[in-house]
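Fold and contact review
For reference, the chains in residue letters:
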Amino acid sequence: MTLRQKLLLVALCTLALPVAGWLYVRQMETLLREGQAQALVASARALARSLVVVDAPLPPAGAAWYVQQSNVPITVDGYGDDWAPLSAWAQPLDRNARVMLAEDAHWLYFYIDVRAAQRHRADAGDRLALSADHLIVSIASGDDAQRYLLASAAPGPTTAIALDAEAGVLPDRINAQWQEDGGGFHAEFRLPRGLRLDHFGVGVHLGGDGEPLSVDNRPLLEFSTSLSQELSRLAPDGVRVRVLSPDAWLMAQSGKLQLPDQSLADRPGWLASLIYRSLVAGRLDDAGAWAEDAPRIDLPEVRRALKGKPSTSWRTGEARGSVVLAAAMPITMRGKLHGVVLLEQPSRAVPLLANRALFSLLIVSFGVLLVAGGVLLLFATRLTFRLRRLRNAAERAQDNDGRLDGPFPLIDATDELGDLARSFARLFEVVGGYTDYLRTLASKLSHELNTPLAIVKSSLDNLDHAGLPAEAEPYLARARDGVARLGALVRAMSEATRMERAIAAAEAEDVDMGEIVRGCAEGYRGLAGGRRIQTELPDAPVRMHVSPELIAQALDKLFDNAVSFTPADGWLRIALRPTPDGADIELANQGPPLPAAMQGRLFDSLVSLRDKATPGDAPHLGLGLYVVRLVAERHQGSASARNIEGGVAFTLHLKGMPRQRLA
């Protein structure tokens with residue numbers, strides 16, 4: 001991972017700023033909600049108390065039968081097709097029966113569905129009717145009450161007969177329809193609305209049960225227009241108010257969910273609404289359960305209010321970018337629960353404020369992130385550039401044997417990189433001085449050793465003419481041999497110095513590198529003995545601006561080094577390969593691999609891998625590969641060595657000598 005990537009990773013830590021701001025905006029939105037919810041709960045509490053004080057027609061406490069408004073004509077035929085739109089709100093009687101009640105402008109309709117596995121049939125006028133499947137229907141209007149026996153021996157029209165004495169305005173018979181299916185039976189009848197019924201009860205008796213019959217008698221409830229008018233006088237502006245019975249039936253309603261008019265510029269768009277719902281808003285309920293046309297609102301908030309605990313909920317509004325707050329408050333009078341008042345208030349203020357705060361935060365955070373990222377990127381780029389200058393200067397000094405080609409960069413800087421640059425500069429000054437000393441050591445030694453050698457040689461000559469005894473002759477011969485070897489060393493060191501000067505002064509010409517390599521390879525075949533020499537040359541000419549003499553001299557040194565390590569029946573391979581900026585000459589030989597510690601020092605002066613010379617052999621100073629390196633550097637290239645399978649390969653990477661410009 002680069003330095004810039006690491007600093008970029010550090011810069012990502014600034015993302016904690018928008019995250020913290022986002023959490024703050026969510027907390028702010030929660031506080032705004034809580035404040036608005038508390039205000040609406042206070043309004044609901046005040047409205048519930050006002051309904052009690054003004055003696056509004058509240059629903060009675062306890063269970064009741066709710067009469068729904070029928071929007072389609074109902075035909076009394078005993079079938080439930082006409083009741084399908086109202087069946088979702090059927091009221092259970094017990095585990096086997098359910099009841100539905102509806103009204104229109106003239107009639108009050110009743111539908112009773114009973115599930116029974118077995119049937120025991122008898123007509124209402126039959127003496128066995130009370131032991132067969134039958135219904136006991138109870139109705140009341142003011143002080144008048146009557147019970148009816150409803151039974152039938154076969155599907156079709158039937159008559160419910162009165163069981164009690166004359167009951168004022170109530171009829172003594174009720175015409176009904178009785179129908180059966182595979183799972184039970186159902187009865188349907190209607191009564192005129194002019195009877196002003198206020199209570200209704202029904203009891204189901206199945207002939208196989210044998211249990212005593214009980215009639216569930218409850219008051220009748222319906223949507224109250226007078227209570228709705230009372231709500232319209234007491235309800236706050238901009239709020240829809242609904243009053244529910246203790247069974248969550250809708251008794252009265254006033255107001256609409258209407259938002260104040262806003263300009264198109266102030267209305268939130270789809271993106272703002274999406275961001276609010278996804279990032280800012282807490283949990284919002286589904287608006288489907290709060291449908292306006294539902295006669296019963298059985299929701300968790302309403303159920304909590306029916307238990308005596310005020311409750312609130314938030315849901316998505318019908319208008320885009322709006323929310324609706326609902327508050328349910330129980331209505332109690334003389335310690336009894338008479339229902340729930342439900343207030344619903346639409347609002348765009350909370351989403352609008354939250355979105356504005358979030359957008360402002362995002363814009364500021366994005367700007368801060370851009371500035372911080374840009375500053376860190378510039379800083380990382382400048383730091384990387386300075387480090388690369390140090391690296392390039394160190395690599396150039398390393399390629400130049402520790403000598404600097406100019407002032408070391410960043411030595412005037414006052415920071416830690418400046419300290420590092422000054423330390424590197426001092427280090428390379430020491431290394432360069434030591435390298436220069438080693439470079440001139442051979443010439444200094446050859447110059448300093450010439451005079452002592454001459455003195456020793458003349459002294460040995462004088463001793464030879466002085467007539468030494470015979471037993472001293474071997475010692476004199478050994479001394480002469482040592483002087484000769486030492487003279488050869490001095491001449492070799494002088495030759496290396498002269499060779500450096502010759503290489504530096506060599507002139508170049510445009511030649512075909514293939515011809516040079518081919519000529520050298522043919523000349524080496526007579527010197528290789530039993531060793532095999534392979535050549536790999538390109539078909540096309542490789543024209544370069546080089547010094548042919550230096551190239552041949554470098555190949556001679558490489559061949560001499562390779563032959564000394566190649567077995568008598570081994571192989572050597574000379575290859576020329578063109579490159580985009582020059583050519584590579586490779587000389588590979590079979591033999592022992594290079595030690596890992598010597599691969600980087602092999603082309604230095606006075607470094608050799610050959611065994612110590614035996615008496616009579618010429619000494620090896622390790623100057624051959626050093627000359628090879630000098631030739632490669634003279635041609636703006638380099639020399640390298642590597643281990644291959646079964647041997648070693650030496651490569652000259654040549655780019656050519658620079659062309660001289662005419663004045």
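Residues numbered from 1 in each chain as written. Predicted model: local features only at pLDDT ≥ 70, side-chain atom pairs only at ≥ 80, totals over all residues. Heavy atoms only, no water.

Focus on the overall build of the protein
A tally of helices and strands in the protein yields eleven helices and 24 strands. Looking at the protein as a whole, 41% of its 663 residues are labelled buried. Long-range contacts, defined as pairs at least 24 residues apart, comprise 66% of the intrachain contacts of the protein with a sequence gap of at least 6. Entry remark: accessible area of the protein is about 35,900 Å², with carbon and sulfur atoms responsible for 55%. (Helix = DSSP H or I, 4+ residues; strand = E, 2+ residues; numbered from the N terminus. Buried < 20%, exposed > 50% of the residue type's maximum accessible area, 1.4 Å probe, protein only. Contact = heavy atoms within 4.5 Å. Areas by Shrake-Rupley, 256 points an atom, 1.4 Å probe, with all protein chains shown as cover.)

Thoughts on the packing of aromatic side chains
Counting across every chain of the model gives eight aromatic pairs. Against the face of Trp107 rests Arg190, its NZ or CZ located 3.8 Å from the ring centre. Here Arg218 stacks its cationic end above the ring of Trp65, 3.9 Å away from the centre of that ring. (Phe/Tyr/Trp six-rings, centres within 6.5 Å; stacked < 30°, edge-to-face > 60°. Lys NZ or Arg CZ within 6 Å of the ring centre and 35° of its normal.)

Some words on the nonpolar core
Counting residues in each nonpolar core, the largest one holds 44 residues, and the members touching the most others are Met513, Ile551, Phe559, Ile585, Leu652 and Leu654. Beyond its immediate chain neighbours, meaning those up to four positions away, Phe559 contacts Tyr524, Leu527, Ala528, Ile533, Leu572 and Leu587. (Core = buried A, V, L, I, M, F, W, Y, C linked by side-chain atoms within 4.5 Å.)

So, the side chain of Glu586
Secondary-structure assignment places Glu586 in strand S22 (residues 582–590). A polar contact of 3.1 Å, which involves the side chain of Glu586, links it to the side chain of Arg642. Contact partners of Glu586, with chain neighbours within four places excluded, come to Arg573, Ile574, Ala575, Arg577, Arg642, Ala649, Phe650 and Thr651. (Polar contact = N/O pair within 3.5 Å; in protein donor to acceptor, adjacent residues only side chain to side chain.)

Points about helix H3 (residues 225–234)
Listed as buried for H3 are Leu227, Ser228, Glu230 and Leu231. Across the axial projection of H3, the buried residues extend over an arc of 160°, all falling on one side. In H3, the exposed positions angled more than 90 degrees off the buried face are occupied by Thr225 and Arg233. (Arc of directions from axis to C-beta.)

Focus on the sheet that holds strand S13 (residues 240–244)
Two modes of strand pairing occur in sheets, parallel and antiparallel, and in both the strands are linked by backbone hydrogen bonds. Read across the open sheet, the five strands follow the order S14-S13-S17-S16-S15; overall the sheet is antiparallel. Each edge of the open sheet carries a strand with a single partner, namely strand S14 (250–254) and strand S15 (311–316). Ignoring which end each strand starts from, the neighbouring axes of this sheet average 20° apart. Here four bridges tie S13 to S14, and the two strands are oriented antiparallel to one another. Bridge pairing in S14 links Val243 to Ala252. Across the face of the sheet, H3 comes into contact with S13 and S14 while running at roughly 40° to S14. (Pairing = 2+ DSSP bridges. Axes fitted to C-alpha atoms, helices over the stretch in contact; angles between N-to-C directions.)

Section: the environment of Val169
Position of Val169 among the secondary structure elements: in the loop between strand S8 (156–162) and strand S9 (173–181). Sequence-distant contacts of Val169, defined by excluding residues within four places in its chain, comprise Asp144 and Leu195.

Focus on the side chain of Arg315
Mapping Arg315 onto the fold places it in strand S15. One polar contact links Arg315 to Glu344, side chain to side chain, over a distance of 2.7 Å.

Examining the sheet that holds strand S19 (residues 532–536)
Read across the open sheet, the five strands follow the order S19-S21-S22-S24-S23; overall the sheet is mixed. Because the sheet does not close on itself, it has two edges, and the strands there are S19 and strand S23 (638–644). On average, adjacent strands in this sheet sit at an angle of 15° to one another, irrespective of strand direction. Pairing analysis gives eight bridges linking S22 to strand S24 (residues 647–654), with the strands arranged antiparallel. The residue bridging Ala588 from the neighbouring strand is Ala649, located in S24. Running at roughly 20° to S22, helix H10 (residues 548–565) makes contact with S19, strand S21 (571–579), S22 and S24 of the sheet.

Comments concerning the pairing of strand S12 (residues 216–221)
Note: strand S1 (residues 65–66) against S12, two bridges, orientation parallel. What sits directly across from Tyr66, in S12, is Leu221. As judged from the four bridges shared by strand S11 (residues 199–205) and S12, these two strands associate in the antiparallel manner. Note on S12: the bridge partner recorded for Val202 is Asp216.

Details of the packing of H10 against helix H11 (residues 624–634)
Orientation of H10 relative to H11, taken along the N-to-C sense of each, is 150°, at an axis distance of 9 Å. Accordingly, the angle class assigned to the pair H10 and H11 is roughly antiparallel. Along this stretch, H10 crosses H11, giving a crossing that reads as left-handed. Note on element contacts: H11 touches H10 through Gly624, Leu625, Val627, Val628, Val631 and Arg634, opposite Leu550, Ile551, Ala554, Lys557, Leu558 and Asn561. A class-by-class count of the residues in the contact of H10 with H11 yields eight nonpolar, two polar and two charged. (Parallel < 35°, antiparallel > 145°, perpendicular 65-115°, else oblique. Left-handed = near helix turned anticlockwise from the far one by under 90°. Nonpolar A, V, L, I, M, F, W, Y, C, P; charged D, E, K, R; others polar.)

Focus on the environment of Ala421
Residue placement: Ala421 occurs in helix H7 (residues 416–465). Counting along the chain gives 28 residues from Ala421 to Ala393, while the straight-line C-alpha distance between them is 9.8 Å. Those residues in contact with Ala421 that sit more than four places away from it in its chain are Leu390, Phe408, Pro409, Leu410 and Ile411.

Describing unusual backbone geometry
Look at Ala248: it is not a glycine, yet its phi comes out positive at around 70°. Inspection of the secondary structure puts Ala248 in the loop between S13 and S14. Assessed through its relative accessible area of 1%, Ala248 is described here as buried. We note that Arg334 has phi near 55°; this positive angle belongs to a residue other than glycine.

Some thoughts on the confidence of the model for the protein
For the protein, the average pLDDT comes to 82, and 84% of its residues sit at 70 or higher. Between residues 612–616, whose pLDDT stays under 50, and residues either more than four places distant or in other chains, the model counts two contacts. (pLDDT = per-residue confidence, 0-100.)

A closer look at H10
Along its 18 residues, H10 runs 26 Å from first to last C-alpha, staying within 8% of the 26 Å computed at 1.5 Å per residue. Looking only at H10, the buried set comprises Pro548, Leu550, Ile551, Ala554, Leu555, Leu558, Phe559, Asn561, Ala562 and Val563. (Expected span 1.5 Å × (residues − 1).)

A few points about the packing of helix H9 (residues 513–524) against H10
Between H9 and H10, whose axes approach to 10 Å, the crossing angle comes to 40°. The angle between H9 and H10 places the two elements in the oblique class. Handedness of the crossing formed by H9 with H10: right-handed. Two secondary-structure elements touch here, H9 through Met513, Ile516, Val517, Cys520 and Tyr524 and H10 through Pro548, Ile551, Ala552, Leu555, Asp556 and Phe559.

As for the environment of Glu222
Tracing the backbone shows Glu222 in the loop between S12 and H3. Under the relative-accessibility criterion, Glu222 is labelled partly exposed at 32%. In this structure the C-alpha to C-alpha distance between Glu222 and Leu101, which are 121 residues apart in sequence, comes to 9.9 Å. Setting aside anything within four residues of it in sequence, one finds Glu222 in contact with Tyr66, Val67, Gln69, Glu103, Arg193 and Met251.

Focus on the pattern of salt bridges
Note on pairing: side chains with opposite charge can pair once their charged atoms come close. On inspection of all chains with the given rule, the structure shows 28 salt bridges. A salt bridge links Glu344 to Arg315, with the shortest nitrogen-to-oxygen separation between them at 2.7 Å. Taken as a pair, Glu344 in strand S17 (residues 336–347) and Arg315 in strand S15 lie far apart in primary sequence, 29 residues in all. With a relative accessible area of 0%, Glu344 lands in the buried category. Using a relative accessible area of 4% as the deciding quantity, one classes Arg315 as buried. Counted as one network, the salt bridges with shared partners bring together Glu536, Arg573, Arg577, Glu586 and Arg642. (Salt bridge = Lys/Arg side-chain N within 4 Å of Asp/Glu carboxyl O.)

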